[in-house]
Amino acid sequence: SADSAAFIGALMLIFIGIYMIFDYLKNYKYYTDNSYIDNNNKYDDLTLKESITLSLALTINNLGIGIAASIAGISIFLNTLCTFVITILSLILGLSIGNSYLSNIFGKYGGLVSGIIIVLLGLYECLF
């Protein structure tokens, strides 16, 4: 069902976020001991594995939304087009905000902040 697909996608987001938080905490001591925390550390970019897993979780979540939209009689083409456009605009906005002043403030905590945001997104999807 649509609710099951959305719930599975939300759980995947939560697990990805928790993984990112633990990965950050596991590596935090190494980076602070070696004074290596700057804007070029490993937390700036998602690995290919993390990108694929995150994309899969969001796709499963969108599957539930697509099923619900179909049941409600909403045009699949219009739903897909709007989802695509809003996703691209959100990514562009997020990149511009992240590359501006926020990277200077939160740069060394990027992995931790990203993990927390993904967990919160997953919890929001589970609860609402």
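Above this note sits the structure.
Quick caveat: nothing in here was measured; it's all calculated off a predicted structure.

Conventions adopted
Residues numbered from 1 in each chain as written. Predicted model: local features only at pLDDT ≥ 70, side-chain atom pairs only at ≥ 80, totals over all residues. Heavy atoms only, no water. Patch = residues over 30% accessible without salt bridge, like charges linked within 9 Å, V, L, I, M, F, W, Y side chains within 5 Å. Areas by Shrake-Rupley, 256 points an atom, 1.4 Å probe, with all protein chains shown as cover. Salt bridge = Lys/Arg side-chain N within 4 Å of Asp/Glu carboxyl O. Helix = DSSP H or I, 4+ residues; strand = E, 2+ residues; numbered from the N terminus. Expected span 1.5 Å × (residues − 1). Buried < 20%, exposed > 50% of the residue type's maximum accessible area, 1.4 Å probe, protein only. Contact = heavy atoms within 4.5 Å.

(A) Representation of a nonpolar patch on the surface. On the surface, Phe 77, Leu 78, Leu 81, Phe 84, Val 85, Ile 88, Leu 89, Leu 91 and Ile 92 cluster together to form a nonpolar patch covering roughly 900 Å² of accessible area. The topology assignment puts Ile 92 in helix α3 (residues 76-99).

(B) Expanded view of helix α2 (residues 48-72). Between the first and last C-alpha of α2 there are 36 Å, a value that for 25 residues agrees with the 36 Å anticipated at 1.5 Å per step. For α2, the full list of buried residues reads Glu 50, Leu 54, Ala 57, Asn 61, Gly 64 and Ala 69.

(C) Broad picture of the environment of Cys 126. Considering the arrangement of structural elements, one finds Cys 126 in helix α5 (residues 110-127). Judged by its relative accessible area of 27%, Cys 126 is partly exposed. Put simply, Cys 126 and Asp 3 are 123 residues apart on the chain and 9.5 Å apart in space, counted from C-alpha to C-alpha. Residues in contact with Cys 126, not counting those within four places in the same chain, are Phe 7, Ala 10, Leu 11 and Ile 14.

(D) Examining the pattern of salt bridges more closely. Throughout the structure, instances matching the rule amount to one salt bridge. When the shortest N-O distance is used, the salt bridge between Lys 26 and Asp 23 registers 3.8 Å. Of the two residues, Lys 26 and Asp 23 both sit in helix α1 (residues 2-33), three residues apart, roughly one turn of that helix. The exposure class assigned to Lys 26 is exposed, which follows from its relative accessible area of 60%. Given a relative accessible area of 12%, Asp 23 falls into the buried group.

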